[in-house]
Each structure stands twice: as C-alpha cells, then as structure tokens.
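What the coordinates show
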Amino acid sequence: MLKLPASVRVDAAPALWAGLQSSLRAEAAQIVNGAGAELNVDAGELQQFDSVVLTLLLSAARLCKELGVQLRVLNVPAKLQELARVYGVAELLWPESPEAGQGA
C-alpha cells in the first residue's frame, strides 16, 4: 500500500507527483498481474496540506484508471474530506459512499 507523506504543499507537488506516479505504475502492475482491481493509498499520516493534494489525488485516480485499476484512498483526514467537498470533488475521489474516504 502506498502512503501519502505527512505534508503535501504546492512547493513540493512536482517532486511528489513524480515519485507518486512512478510508485502508482509499479503498484498497479503488481495488482493487475495478481488479478486485482484496486490500488490503495493511505492518507492517514497526512497532517499539513493545501488544495494541491486534491490535484495529486485526482491525477492519481486518472492514472490508475488508465492502468486498469481503481484508486482507493484510505484513512482520509476529516479536513481533507471537507476540502474535497468544498471543491466539489469528493464524489470523484470517494464514489463508493456518502461517508466516503473513511476506509480502514
């Protein structure tokens, strides 16, 4: 399972995306080879972030879809859930339920 770092800010986003993109591709290949369909990312350590984290997660979801897996973000902090709701993208990131993003 991939993990988001404790801090995701706009100044670190390009480097973070480069590393995340590479990790997503590698993880997706393993999942597809194992006949899986879901790639989990743990957001439990995320403490300091701005709206760029939504851009990264949406980009990750798009990449996962292209790679044939579904992104599932687990242990989503309440602040991130609220930010996604305010920006109108919560249903894109957590389509599975109204209490989206609270996965174990």
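Reading the values: the criteria
Residues numbered from 1 in each chain as written. Predicted model: local features only at pLDDT ≥ 70, side-chain atom pairs only at ≥ 80, totals over all residues. Heavy atoms only, no water. Helix = DSSP H or I, 4+ residues; strand = E, 2+ residues; numbered from the N terminus. Rg over C-alpha atoms; globule rule 2.2 N^0.38 Å. Buried < 20%, exposed > 50% of the residue type's maximum accessible area, 1.4 Å probe, protein only. Pairing = 2+ DSSP bridges. Contact = heavy atoms within 4.5 Å. Axes fitted to C-alpha atoms, helices over the stretch in contact; angles between N-to-C directions. Arc of directions from axis to C-beta. pLDDT = per-residue confidence, 0-100.

1. As for the overall build of the protein
A count of helical and extended segments in the protein gives 4 helices and 5 strands. The helix and strand sequence of the protein, counted from the amino end, reads β-β-α-β-β-α-β-α-α. Its C-alpha radius of gyration of 13 Å places the protein within 12% of the 13 Å reference for a compact globule of 104 residues. Dimensions of the protein along its principal axes, counting C-alpha atoms only, are 35 × 30 × 20 Å. A buried classification covers 38% of the 104 residues belonging to the protein.

2. Regarding the sheet that holds strand β1 (residues 2-3)
The sheet built from 3 strands is open, its strands ordered β1-β3-β5 with parallel pairing. Both edges of this open sheet fall to β1 and β5 (70-74), since each of them pairs with a single strand only. Strands in contact with helix α1 (residues 13-33) are β1 and β3 (38-42); relative to β3, the strand with the most contacts, it is inclined by about 140 degrees.

3. Notes on helix α3 (residues 78-87)
Leu 80, Gln 81 and Ala 84 are the residues of α3 that are buried. Down the axis of α3, the smallest arc covering the buried residues is 105 degrees, so these residues share one side. Of the residues in α3, the exposed ones pointing more than 90 degrees away from the buried face are Ala 78, Lys 79, Arg 85 and Val 86. Its buried side turned inward, α3 meets β4 (48-49), α2 (52-67) and α4 (90-93). Count one or two residues on from α3 and you reach Gly 88, which has phi positive near 75 degrees.

4. Some remarks on the pairing of β3
As defined by bridge partners, β1 adjoins β3 across 2 bridges and the pair is classed as parallel. Each residue of the ladder has a partner; that of Lys 3, found in β3, is Asp 42.

5. Notes on the confidence of the model for the protein
Confidence along the protein averages 89 in pLDDT terms, with 92% of residues attaining 70 or more. The low-confidence segment residues 98-104 (pLDDT under 50) makes 14 contacts with residues lying over four places distant or belonging to another chain.

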